[in-house]
Amino acid sequence: MTGRFVTVEGIEGVGKSTQLERLRARLVEGGHEVVTTREPGGTPLAERIRALVLERGEEGVPPAAELLLMFAARAVHTANRIRPALERGAWVLCDRYTDATYAYQGGGRGVGDASIAALAGLAHPGLQPDLTLLFDAPVGVALARARGRAQAADRIESETSIFFERVRAKYLEIARRDPDRVRVIDATRDTDAVEAAAWRHLAELGA
Ligand code: Z5A
């Protein structure tokens, strides 16, 4: 594969989508083909799975079901959108990927790493991001940003601060374990400063 696979991660409201759009614009200016996408979702079928897993309903969603739905969406997304784009040489900028599963279903819900690794091997064998930008900020800062927006919280966004503390801790653990791929960016700074830090990592990858 000749393209570049870049994922952005972090807890809700930390500024991932804002930065993804800025990085997309700069890559396009530089003459690259860029595909921006998100998880769960990114294809018609995967977006339908996203709606199922995020909607707030009467019936409980056990962690195992949440985990399997995330990977069902990811298997479709990887096969039908991410791999074809990488094979044509595009830059793929993806808002969340398998690190989110380790952080949310692992750190947040208590699913073991071994179960997640087994499903990752099944859903996207051999496909790992070239670079992951982990936007990091204290939970209070990120949730205040997220809750400043108009839209209602979905099922996972409605979790407690303690849940998001566990998710953040797991993300930071992933970054410590894989520092060459996962770059932690201080997302408490203003939007331009965060973008400059993120862009330096893309430049190292050939942007
Ligand atoms: N999930 C999961 O559990 N397991 C998985 O495997 C996967 C996902 C893949 C959907 O994710 C949910 O799925 C998510 C995890 C779960 N649930 N939660 N929580 P999503 O990525 O679609 O949704 P999200 O995490 O809730 O993203 P978000 O709320 O859109 O946040 P964001 O993209 O990081 O933030 P933003 O929209 O760019 O910015 C938020 C606000 O802050 C906005 O008003 C900005 O203008 C403002 N902002 C941005 N940057 C700054 C700076 N630097 N300073 C000040 N204000 C800023």
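Up top is the structure.
Residues numbered from 1 in each chain as written. Predicted model: local features only at pLDDT ≥ 70, side-chain atom pairs only at ≥ 80, totals over all residues. Heavy atoms only, no water.

Participant: In this structure, what is going on with the site of the ligand? I would like to understand it.
Facilitator: In the vicinity of the ligand there are 27 residues, among which Ser17, Thr18, Arg96, Thr101 and Arg149 approach most closely. A distance of 3.0 Å separates an oxygen atom of the ligand from a polar backbone atom of glycine 13. In isolation the ligand offers 1,100 Å² of accessible surface; the protein chains occlude 84% of this area. When contributions to the shell around the ligand are tallied by element, the ones reaching two or more residues are helix 1 (16-29), helix 2 (44-54), helix 3 (63-87) and helix 4 (98-108). Looking at the shell around the ligand, the element that brings in the most residues is helix 4, giving four residues. Per-class residue counts for the shell around the ligand are eight nonpolar, seven polar and twelve charged. (Near = heavy atom within 4 Å. Polar contact = N/O pair within 3.5 Å; in protein donor to acceptor, adjacent residues only side chain to side chain. Areas by Shrake-Rupley, 256 points an atom, 1.4 Å probe, with all protein chains shown as cover. Helix = DSSP H or I, 4+ residues; strand = E, 2+ residues; numbered from the N terminus. Nonpolar A, V, L, I, M, F, W, Y, C, P; charged D, E, K, R; others polar.)

Participant: What's the story with unusual backbone geometry in this structure? I'm lost.
Facilitator: Excluding glycine, residues mostly carry a negative phi; peptide bonds, for their part, are mostly trans. Residue glutamate 39 is joined to proline 40 through a cis peptide bond whose omega torsion reads -10 degrees. Structurally, proline 40 can be placed in the loop between strand 2 (34-38) and helix 2. Phi is positive for arginine 96, close to 80 degrees, though the residue is something other than glycine. Following the sequence through the fold, arginine 96 ends up in the loop between strand 3 (91-95) and helix 4.

Participant: Would you explain the packing of helix 4 against helix 7 (residues 161-177) in this entry?
Facilitator: Helix-helix packing: each pair is described by the crossing angle between the helix axes and the interaxial distance. Contact pair helix 4 / helix 7: the axes reach a minimum separation of 8 Å and the direction vectors enclose 135 degrees. The orientation of helix 4 relative to helix 7 falls into the category oblique. In this structure, helix 4 crosses over helix 7, and the sense of that crossing is right-handed. For the pair helix 4 and helix 7, the contacting residues are Asp99, Ala100, Tyr102, Ala103, Tyr104, Gly107 and Gly108 in the first and Phe163, Phe164, Arg166, Val167, Lys170, Tyr171 and Ile174 in the second. Classifying every residue of the contact of helix 4 with helix 7 by side-chain character gives nine nonpolar, two polar and three charged. (Axes fitted to C-alpha atoms, helices over the stretch in contact; angles between N-to-C directions. Parallel < 35°, antiparallel > 145°, perpendicular 65-115°, else oblique. Left-handed = near helix turned anticlockwise from the far one by under 90°. Contact = heavy atoms within 4.5 Å.)

Participant: How do you make sense of the pattern of salt bridges when you look at a structure like this?
Facilitator: Opposite charge on two side chains makes pairing possible when the charged atoms of those side chains draw close. Evaluation of the coordinates by the stated rule reveals 20 salt bridges. With its nearest N and O atoms 2.8 Å apart, the salt bridge here joins arginine 22 to aspartate 192. Highlighted residues: arginine 22 in helix 1 and aspartate 192 in helix 8 (residues 191-204), separated in sequence by 170 residues. Judged by its relative accessible area of 27%, arginine 22 falls in the partly exposed class. Notably, a salt bridge pairs arginine 22 with glutamate 195, separated by 2.5 Å at the nearest N-O pair. Taken together, the positions of arginine 22 in helix 1 and glutamate 195 in helix 8 put the pair 173 residues apart, joining distant regions of the chain. One connected set of salt bridges, linked through shared partners, spans Arg22, Arg26, Asp192 and Glu195. (Salt bridge = Lys/Arg side-chain N within 4 Å of Asp/Glu carboxyl O. Buried < 20%, exposed > 50% of the residue type's maximum accessible area, 1.4 Å probe, protein only.)

Participant: Teacher, can you tell me more about the environment of alanine 146 here?
Facilitator: Within the secondary structure layout, alanine 146 lies in helix 6 (residues 139-147). With near-sequence residues (within four places) excluded, alanine 146 lies in contact with Glu12 and Gly13.

Participant: So what exactly am I meant to see when it comes to helix 8 here?
Facilitator: Residue pairs spaced three or four apart in an α-helix point in one direction, given the helix's 3.6 residues per turn. Helix length check: helix 8, at 14 residues, gives a terminal C-alpha distance of 20 Å against a target of 20 Å (1.5 Å per residue), a fit within 8%. Among the residues of helix 8, those classed as buried are Val194, Glu195, Ala197, Ala198, Trp199, His201 and Leu202. Each element contacted by the buried residues of helix 8 is listed here: strand 1 (4-9), helix 1, strand 3, strand 4 (131-136) and strand 5 (182-186). Residue aspartate 190 occupies the N-cap position of helix 8, its side-chain oxygen lying 3.0 Å from the main-chain nitrogen of aspartate 192. (Expected span 1.5 Å × (residues − 1).)

Participant: Please clarify how the packing of aromatic side chains should be interpreted in this entry.
Facilitator: Think of a pair of aromatic rings as described by two things: how far the centres are apart, and how the planes are tilted against each other in angle. Enumeration over the complete set of coordinates arrives at five aromatic pairs. Arranged with centres 4.9 Å apart and planes meeting at 85 degrees, the rings of phenylalanine 5 and tyrosine 97 form a pair that is edge-to-face. Here the residue phenylalanine 5 occupies a position in strand 1, and tyrosine 97 occupies one in the loop between strand 3 and helix 4, the gap between them amounting to 92 residues. Look at phenylalanine 163 and phenylalanine 164: their rings are 5.4 Å apart centre to centre, the planes differ by 90 degrees, and that puts the pair in the edge-to-face class. Considered together, phenylalanine 163 and phenylalanine 164 belong to a single accessibility category, that of buried residues. (Phe/Tyr/Trp six-rings, centres within 6.5 Å; stacked < 30°, edge-to-face > 60°.)

Remember that the coordinates give geometry; whether it matters functionally is a separate question.
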